[in-house]
Every structure is written in structure tokens, then in C-alpha cells.
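Here are the chains, one letter per residue:
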Amino acid sequence: MPRLPYPLPPSLPYAVFTAAEAKQAGVSVDRLRANDLRRLGYGIYARTDVDLTELALLTAMTRSDPLVVARGQSAARHWGFPLTQALQRWDAAPQITPVHLTAGDLVHRDTKLLRWNRQRLRAEEIVTISDLRVTSRIRTWLDLAQEVSLDQLVKIGDHLVRIPRAWAENRLEPYATPAQLIDATLAYPGTGRPRLREALTLIRIGSDSAAETTLRLAAGRAQLPTPELNVRQFTDGVDLGEPDLAWPEWKVCVEHDGPSHRTKEQQEKDIRRRELREAHGWIEVQSVAVDLHNGCRRGLRRMREALLKHGWRPTADPGAQRAPRRRRPASRSAPIISPSPDRASRPAR
């Protein structure tokens, strides 16, 4: 019967650690070959009695070298950015998804596990959380300009400037202000600056989810009127709530039913809300995942039909689509940088 390996010392409590850390803790090379450890790559080991996570791997790398910072896709996943399903996913097996790092100007060779990028970071662009160092949310958004589509960049921008709901979140301020995104873009030395500037013309405060941003961008490219985003609506003094997208001039709104709407309690609440709006002359378009497919083809058809039914008619000038009947907060309807005349109608890249 094979002998069980002796326990690792208390000075090495990490789920992932480097060979240098093991040596410093007095762990021999033979002990690192035991079957309760997994060699992830050159000089990097993980315990097999705990689940391997990207956070544990990133922290091991930044803990072992004071110059290393998590960046790019790894930083985006850490901050919970709205990413495509492919980018959101991080696999620990059978093949580990690579992590993205930088060590300033130092040159590192890429491996199957580690993807390196040379870049100079200012102190304010690095966030330290215990042993983890990661690029700030704004810097991460800048770096992603070379890795994601224009629409994806806008979705992340909407996420950053979104004003949180105090009753549901442990924060009162947005992750970034429009001014901060503009200043960061102007100062950014990377090659993605043209795309960042284009994204700034499309980012708006008010979208609560990537799905809402997707519908909004599609509506703009289809030259539908500019919607209000999560603005409380009133008709005859009755509070009709805050639709995801709303055209109060035509009493049309959209509510996207994502995963949070699948509970019985939420569904009953949604029904009562829709009935109240309909009783006051509104059409509520309830969108689901399929409405986002193929450039939101079905969602656009449903929105357009509702607007036409309530009297909206297309005009030759997309900028004239809004017919404001009452004043609204500009931050909920205007892009943070005014676009060129044909900017909003360009197809997604």
C-alpha cells in the first residue's frame, strides 16, 4: 500500500503556489511529485483536494512576483464584466483556460497556461486586493478594445457608467463616470483608441443589463426612436414603474425577461405590472433571449409593430425620431459623446 504524502506545511496554505514558494516553505522536489498535487505548468502547482479557480491561479502569479498584474480577459472576468459566453467561461479541466498577465516592460514567453502582454501601467490603473493585483475596471475596458467587438465594448461601457440601485447593491456610485472614460480614452497609448472613441458615441447611462444594451443598439441601427432607459413613467399620475426601454410619446415600452424573471413570484409581479400599463394605454413588449438573435430581428419587429400601432411613423432623419413631450434627464437618453451623423447606424463589427 503506497504511503500517504506528508501534509504541506502551514506556511503554504494556498490552493495554487509556485515552486519558489514551495522551496521557501521547505517542501522538497519529491513532495511536489506526489499525487495530491497537480503540476499546472513550469513551476506552478495546485492542490487536488480543492477546486482549481482562475482567481487562485492569478493570485499565485501576482503573489510570487511584485511586477505581475492580471489583465485583459482575466481581469474582465474578475470584475464581472458582461462578456460573451465564450469569454466568460474559464475551464480548469481537461485543458485549463489561459490566464492573461502583464509584468510591465519585462518580456515573458507565452505558454499554454500564461498569456503575457508588455504594457506600462500607472499606479491608479492597478487595484490590489489582498495578494491579487489586477488592472482597474477602466484600464481593463481600455485593454479589451483590441480583443472584443464594438458592441461588446459598448455593453461593458454601459455596465461601468450604470447608476446602481441603492436598495439592491452595496454601492451608491457607478464604477466609472462618462468623464473618466473620455479622459482615459484620450490618454490611452494602445492601438484600440479609434474603437474606444466610437464606443463612447454609443455608451449611455441607464441600461441595467447587456441584453438591454443589445436591444437599444439594434433599435438605433434600425432607426427606431431613441428610447428612455429605466426612467420611471407616469400616466394620469399613476406610477407605471421603470421599463427597460420606453417611448412615452407613444406609450410603448420593452421589458427584457432574463433569468431573474423565471421565479413564480417575479412572474406574478410582471403580470400585474403589464396589466397596469395596458390599463393606462401602454403596449409592453416582453422580450426574451430569442429576441436578441440574428441582430435582434424578432425583437426589432415586435418593437416596430408596437410603435407603429401607437402612431409612430418613420422619418428620413433619424435624429428627428424623438418627439419629446416632457423633459427627461439627459443622462438617460444621450450618448456621452455626440456621434457623427451616420455613426449609430453602422453595423456591429
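What counts and what doesn't
- Residues numbered from 1 in each chain as written.
- Predicted model: local features only at pLDDT ≥ 70, side-chain atom pairs only at ≥ 80, totals over all residues.
- Heavy atoms only, no water.
- Helix = DSSP H or I, 4+ residues; strand = E, 2+ residues; numbered from the N terminus.
- Buried < 20%, exposed > 50% of the residue type's maximum accessible area, 1.4 Å probe, protein only.
- Contact = heavy atoms within 4.5 Å.
- Areas by Shrake-Rupley, 256 points an atom, 1.4 Å probe, with all protein chains shown as cover.
- Pairing = 2+ DSSP bridges.
- Phe/Tyr/Trp six-rings, centres within 6.5 Å; stacked < 30°, edge-to-face > 60°.
- Lys NZ or Arg CZ within 6 Å of the ring centre and 35° of its normal.
- Expected span 1.5 Å × (residues − 1).
- Arc of directions from axis to C-beta.
- Axes fitted to C-alpha atoms, helices over the stretch in contact; angles between N-to-C directions.
- Parallel < 35°, antiparallel > 145°, perpendicular 65-115°, else oblique.
- Left-handed = near helix turned anticlockwise from the far one by under 90°.
- Nonpolar A, V, L, I, M, F, W, Y, C, P; charged D, E, K, R; others polar.
- pLDDT = per-residue confidence, 0-100.

Comments concerning the overall build of the chain
Working step 1: In terms of helices and strands, the chain carries twelve helices and 14 strands.
Working step 2: Buried positions account for 46% of the 349 residues belonging to the chain.
Working step 3: Of all intrachain contacts in the chain linking residues separated by at least 6 positions in sequence, the fraction that spans at least 24 positions is 60%.
Working step 4: If you sum the accessible surface of the chain, you get close to 18,700 Å²; carbon and sulfur atoms cover 52% of it.

Quick notes on the pairing of strand 5 (residues 99-102)
A regular strand places its side chains on the two faces of the sheet in alternate fashion.
Working step 1: Neither face of strand 5 is open: one carries Val99 and Leu101, the other His100 and Thr102, and all of them are buried.
Working step 2: Across two bridges, strand 4 (residues 69-70) lies against strand 5 in antiparallel orientation. Paired with Val69 across the strands is Thr102, a residue of strand 5.

Some remarks on the packing of aromatic side chains
Working step 1: Using the criterion set out here, one finds one aromatic pair in the structure.
Working step 2: Aromatic side chains Phe17 and Tyr45 sit 6.3 Å apart centroid to centroid with 20° between the ring planes, which places their arrangement in the stacked category. One end of the pair, Phe17, is in strand 1 (residues 16-18); the other, Tyr45, is in strand 3 (residues 44-47), with 28 residues separating them in the sequence. In this pair, the class of Phe17 matches that of Tyr45, namely buried.
Working step 3: Lying across the ring of Tyr14, Arg63 places its NZ or CZ 3.5 Å from the centre.
Working step 4: A cation over a ring is seen here: Arg171 above Tyr175, with NZ or CZ 3.7 Å from the ring centre.

What to know about helix 11 (residues 264-279)
Working step 1: With 16 residues, helix 11 extends 23 Å between its outermost C-alpha atoms, agreeing within 8% with the 22 Å of an ideal straight helix rising 1.5 Å per residue.
Working step 2: Taken together, the buried positions of helix 11 are occupied by Asp270, Arg273 and Arg277. Projected down its long axis, helix 11 carries its buried residues within an arc of 65°, all on one side. Away from its buried face by more than 90 degrees, helix 11 exposes Lys264, Glu265, Arg272 and Ala279.
Working step 3: In the core, the buried residues of helix 11 are packed alongside strand 13 (252-256) and strand 14 (283-287).

A word on the sheet that holds strand 12 (residues 245-247)
Working step 1: Strands sit in the order 9-12-13-14 across an open sheet of four strands; the sheet is mixed. Of all strands in the sheet, those with a lone pairing partner are strand 9 (228-229) and strand 14, marking the two edges.
Working step 2: Strand direction decides the pairing type here: strand 12 and strand 13, joined by three bridges, are antiparallel. Bridge assignment links Leu245 to a residue of strand 13, and that residue is Val254.
Working step 3: Against the sheet, helix 11 touches strand 13 and strand 14, its axis set at about 150° to strand 14.

As for the environment of Pro259
Working step 1: Here Pro259 is to be found in the loop between strand 13 and helix 11.
Working step 2: Taking the C-alpha atoms as reference, Pro259 lies 9.6 Å from Val288; in sequence the two are 29 residues apart.

Some remarks on the sheet that holds strand 3
Working step 1: Reading across the sheet, the three strands line up as 1-3-2 and stay open at both edges, with antiparallel pairing between neighbours. Of all strands in the sheet, those bounded by a partner on one side alone are strand 1 and strand 2 (37-41). Strand-to-strand twist across the sheet, computed as the mean angle between neighbouring axes with direction ignored, equals 30°.
Working step 2: Across three bridges, strand 1 lies against strand 3 in antiparallel orientation. Bridge assignment links Val16 to a residue of strand 3, and that residue is Ala46.
Working step 3: Across the sheet, helix 3 (residues 54-64) is in contact with strand 1, strand 2 and strand 3; its angle to strand 1 comes to roughly 30°.

Some remarks on the packing of helix 7 (residues 150-161) against helix 9 (residues 193-200)
Working step 1: Close contact between helix 7 and helix 9 brings their axes to 9 Å; oriented N to C, the two are set at 60°. It follows from the interaxial angle that helix 7 and helix 9 lie oblique. Like other packed secondary-structure pairs, helix 7 and helix 9 cross with a definite hand, here right-handed. Residues Leu150, Leu153 and Val154 of helix 7 pack against Arg195, Leu196, Glu198 and Ala199 of helix 9.
Working step 2: Split into classes, the residues belonging to the contact of helix 7 with helix 9 amount to five nonpolar, no polar and two charged.

A closer look at the environment of Glu147
Working step 1: Within the secondary structure layout, Glu147 lies in the loop between helix 6 (137-143) and helix 7.
Working step 2: Residue contacts for Glu147: discarding those within four places in its chain leaves Arg71, Gly72 and Gln73.

Focus on the environment of Leu307
Working step 1: Mapped onto the secondary structure, Leu307 falls in helix 12 (residues 293-309).
Working step 2: Distance from Leu307 to Leu224, taken between C-alpha atoms, is 8.7 Å for residues 83 residues apart in sequence.
Working step 3: If we ignore the near neighbours within four places in the chain, the residues touching Leu307 are Leu224, Pro225, Trp247, Trp250, Val252 and Trp312.

A closer look at the confidence of the model for the chain
Working step 1: Taken as a whole, the chain shows an average pLDDT of 90; of its residues, 89% reach a score of 70 or greater.
Working step 2: Scored below 50 in pLDDT, residues 323-330 shows twelve contacts in the model against residues more than four places distant or in partner chains.
Working step 3: Contacts of residues 339-349 to residues separated by more than four positions or lying in other chains number 16 contacts, the stretch itself having pLDDT below 50.

Re unusual backbone geometry
Working step 1: Cis rather than trans, the peptide bond between Ala93 and Pro94 has omega equal to -5°.
Working step 2: Relative to the helices and strands, Pro94 resides in the loop between helix 5 (85-88) and strand 5.

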